[in-house]
Amino acid sequence: MAVHYSIPKSNAHYKKAAERLPLGVTSNYRSWGPDETLYVSRAKGARLWDFDGNEYVDYRIGYGPAILGYGDERVDEAARKGMELGGPTALSTEREWIVAERMAKMISSVDMVRFANSGTEAVMAGLRLARSFTGRSRHIMIEGGYHGLSDGVLWEVHHERDASGEVSLQVQSEGKGVPSLLRELFDTVPLNDPDELESVLKVHGDDVATLLIEVILGNAGGIVSEPGYLERVRALCDEYGVLLMVDEVKTGFRVARGGVQELMGVDADLCTFAKAMGNGYPISALAGKREIMSTIGPGGSAQGGTYAGHPVCLAAAEKTLEILDETEALEDIVRYGEKMQKGISEILSARGVAHAWSGHPSMSGIFFSESAPRNYKDWVRSDYELYEALAAHLISSGILVEPDSREPFFVSAAHDDSCLDETMEKFAVALDLALDERAQAK
Ligand SMILES: Cc1ncc(COP(=O)(O)O)c(C=O)c1O
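Residues numbered from 1 in each chain as written. Predicted model: local features only at pLDDT ≥ 70, side-chain atom pairs only at ≥ 80, totals over all residues. Heavy atoms only, no water.

## What about the packing of helix α3 (residues 94-106) against helix α9 (residues 311-326)?
Here is step 1: In contact at an axis separation of 9 Å, α3 and α9 are set at 25 degrees when each is read in the N-to-C sense. Overall, the two elements α3 and α9 adopt an arrangement that is roughly parallel. When the axes of α3 and α9 are compared, the crossing they make is left-handed. Between α3, through R95, E96, I98, V99, R102, M103, K105 and M106, and α9, the contact on the second element is made entirely by L314, A315, A317, E318, L321, E322, D325 and E326. (Axes fitted to C-alpha atoms, helices over the stretch in contact; angles between N-to-C directions. Helix = DSSP H or I, 4+ residues; strand = E, 2+ residues; numbered from the N terminus. Parallel < 35°, antiparallel > 145°, perpendicular 65-115°, else oblique. Left-handed = near helix turned anticlockwise from the far one by under 90°. Contact = heavy atoms within 4.5 Å.)

What follows is the structure in structure tokens.
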């Protein structure tokens, strides 16, 4: 079956939208250009429909939030109840405590919680708190990590690969307008290289407030921290008085009930959550150790906002976390993810395409290379051009993956056997098309 979607209505809408909305969208990452940008009319379960009525099995699920599937009736019903409170009142409600209690039960490093609206906000508040608590100004990030759109973290590693395959990385701000002065405040280190981290700490350790890390690099194909690495990281942080801040915006309430901290056995000082915690309702959290979190407030750091702890989103989070904690949803997701990986691997192996999976079955990255990457440079060395060609064919046949291979395949509890069968069938066709194009280009 080789469907090839056409999207004339999305294309026409782009022209109109681009007159009022920069790039025709509300987030740069949603704009795929005048001919490819999709506009959505509806989403339900693991599927969505574009303006032209094309149906997709969705592995982006909003970059992770729809863990139970789009439009989960249980969560939506709870959100409607949350609405009955009347709206944000600039006073606190009982649900803040209820959700904080649930989080503390699920995640061992969580003593206290503050809510916000997005991952960006939670990380921003976390960085500020780390600086305030330690009295230090610097931070360290991991190459290939992503922590949202606040200036202190809006830095990426630009890569170049020369003809011999040699890779060089250069830190630069993502777009203009980020003060270059902020570049003085942080260092980046590769994942899985504790010696490099130690070298940086030897130079700047006295002024480093925090190491900000995605333990599974959810914005670099899910590259995973290796056994032993996190123990060294934890020990180095302790030795240098650096707070370990684990950014669980993607992994939280997804890779395990207790997040990546439970999965990998790491104990954070501070951690951030968003995405899966509200099944799509905009809520996030900064959480962590009492000793640190209790310094938020007068004499310590600022955190809050008009919509922080919004009653609708808190009600959605309460129900989402209850379901994730008390049902088999996460186990179902793992089972699906494993079957998906196995099925896709068989298709690739039958055609002799070397590949490796990284991440976790609930958010897996596929790499066209002999072995799974250990760090960002390894991703650059992988054959990501094949992924991009494949992704274009997958999307235009109704399997919605990210065009960029650094975004993992996200699985929800709503992905079912019909999604799986359709994915396998269309994957094989899309791969053959991508391989044919490559052969012709030679
Ligand atoms: C690890 C991580 N941190 C922070 C963010 C920012 O979250 P948001 O887009 O909700 O601001 C993201 C978003 O993808 C993320 O993946």
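There's more to say after this.
## Remarks on the site of the ligand
Here is step 1: If you check the shell around the ligand, you find S118, G119, T120, Y146, H147, G148, E214, N219, D247, V249, K250 and K275 and nothing else.
Here is step 2: K275 is positioned such that a nitrogen or oxygen atom in its side chain is 2.9 Å from an oxygen atom of the ligand.
Here is step 3: Relative to its unbound accessible area of 390 Å², the ligand is 85% covered by the protein chains.
Here is step 4: A class-by-class count of the residues in the shell around the ligand yields two nonpolar, six polar and four charged. (Near = heavy atom within 4 Å. Polar contact = N/O pair within 3.5 Å; in protein donor to acceptor, adjacent residues only side chain to side chain. Areas by Shrake-Rupley, 256 points an atom, 1.4 Å probe, with all protein chains shown as cover. Nonpolar A, V, L, I, M, F, W, Y, C, P; charged D, E, K, R; others polar.)

## Structural notes on the environment of G398
Here is step 1: Structurally, G398 can be placed in the loop between α12 (384-395) and β17 (399-400).
Here is step 2: Spatially, the C-alpha atom of G398 lies 10 Å from that of D50, the residues being 348 residues apart in sequence.
Here is step 3: The residues touching G398, leaving out its near neighbours within four places in the chain, are Y5, E55, Y56, V57, E422 and K426.

## Side note on the pairing of strand β16 (residues 363-367)
Here is step 1: Burial of β16 is extensive: five of the five residues sit out of reach of the surface.
Here is step 2: Of the two faces of β16, both are covered, the one formed by M363, G365 and F367 as well as the one formed by S364 and I366.
Here is step 3: Here strand β15 (residues 356-360) pairs with β16 via five bridges, running antiparallel. Looking across to β16, one finds that W357 is bridged to I366.
Here is step 4: Once β15 ends, the chain turns through two residues before running back antiparallel as β16.
Here is step 5: In this structure, β16 lies alongside strand β18 (residues 409-410), joined through two bridges in antiparallel fashion. Residue pairing for β18: M363 is matched across the bridge by F410. (Buried < 20%, exposed > 50% of the residue type's maximum accessible area, 1.4 Å probe, protein only. Pairing = 2+ DSSP bridges.)

## Thoughts on the pattern of salt bridges
Here is step 1: Summed over all chains, the structure comprises 31 salt bridges.
Here is step 2: R234 is the partner of D269 in a salt bridge, and the nearest nitrogen-oxygen pair spans 2.9 Å. Taken together, the positions of D269 in the loop between α7 (259-264) and β13 (270-273) and R234 in helix α6 (residues 229-240) put the pair 35 residues apart, joining distant regions of the chain. Of the two residues, D269 and R234, both sit in the buried class. (Salt bridge = Lys/Arg side-chain N within 4 Å of Asp/Glu carboxyl O.)

## Digging into the sheet that holds β18
The strands that make up a sheet pair up through hydrogen bonds in the backbone, lying either parallel or antiparallel.
Here is step 1: Strand order in the open sheet formed by three strands is β15-β16-β18, with antiparallel pairing between adjacent strands. Edge positions in the open sheet fall to β15 and β18, since each of these has one partner strand only.
Here is step 2: In the packing of helix α10 (residues 329-350) onto the sheet, contacts are made with β15, β16 and β18, and the angle to β15 comes to roughly 170 degrees.

## Section: the environment of E101
Here is step 1: For E101, the position within the fold is in helix α3.
Here is step 2: Judged by its relative accessible area of 45%, E101 is partly exposed.
Here is step 3: In the structure, E101 is positioned eleven residues away from A90 in sequence and 21 Å away in space, judged by C-alpha atoms.

## Quick word on the domain arrangement of the protein chain
Here is step 1: As far as domains go, the protein chain holds domain 1 (8-70 + 328-441) and domain 2 (73-326).
Here is step 2: Inter-centroid distance (C-alpha atoms) of domain 1 to domain 2 is 25 Å.
Here is step 3: If you look at the interface, domain 1 gives 39 residues, while domain 2 gives 41 residues.
Here is step 4: In total, about 3,300 Å² of surface goes out of reach between domain 1 and domain 2, with carbon and sulfur atoms giving 56% of it.
Here is step 5: Put simply, the parts of the chain that give the side of domain 1 that touches domain 2 at least two residues each are α10, β15, β16, α11 (376-381) and α12.
Here is step 6: The leading source of residues in the side of domain 1 that touches domain 2 is α11, at five residues.
Here is step 7: Split into classes, the residues belonging to the side of domain 1 that touches domain 2 amount to 19 nonpolar, eleven polar and nine charged. (Domains from an automatic or database assignment. Buried area = accessible area lost by both parts, 1.4 Å probe.)

## Description of the packing of aromatic side chains
Here is step 1: For the coordinates displayed, the defined rule picks out ten aromatic pairs.
Here is step 2: For the ring pair W155 and F186, a centre distance of 5.2 Å and an interplane angle of 55 degrees mean the geometry is tilted. Placement of the pair is W155 in strand β6 (residues 155-161) and F186 in strand β8 (residues 186-189), with a sequence separation of 31 residues.
Here is step 3: Against the face of W49 rests R42, its NZ or CZ located 4.4 Å from the ring centre.
Here is step 4: Geometry around F186 places R183 over its ring, the cationic atom sitting 4.5 Å from the centre. (Phe/Tyr/Trp six-rings, centres within 6.5 Å; stacked < 30°, edge-to-face > 60°. Lys NZ or Arg CZ within 6 Å of the ring centre and 35° of its normal.)

## Section: the side chain of S109
Here is step 1: One can find S109 in the loop between α3 and β4 (112-116).
Here is step 2: By relative accessible area, which is 0% here, S109 ends up buried.
Here is step 3: Only 2.7 Å separates the side chain of S109 from the side chain of Q261, close enough to count as a polar contact.
Here is step 4: Once you skip the residues sitting within four places of it in the chain, S109 turns out to touch Q261, D267, A268, C271, G288 and K289.

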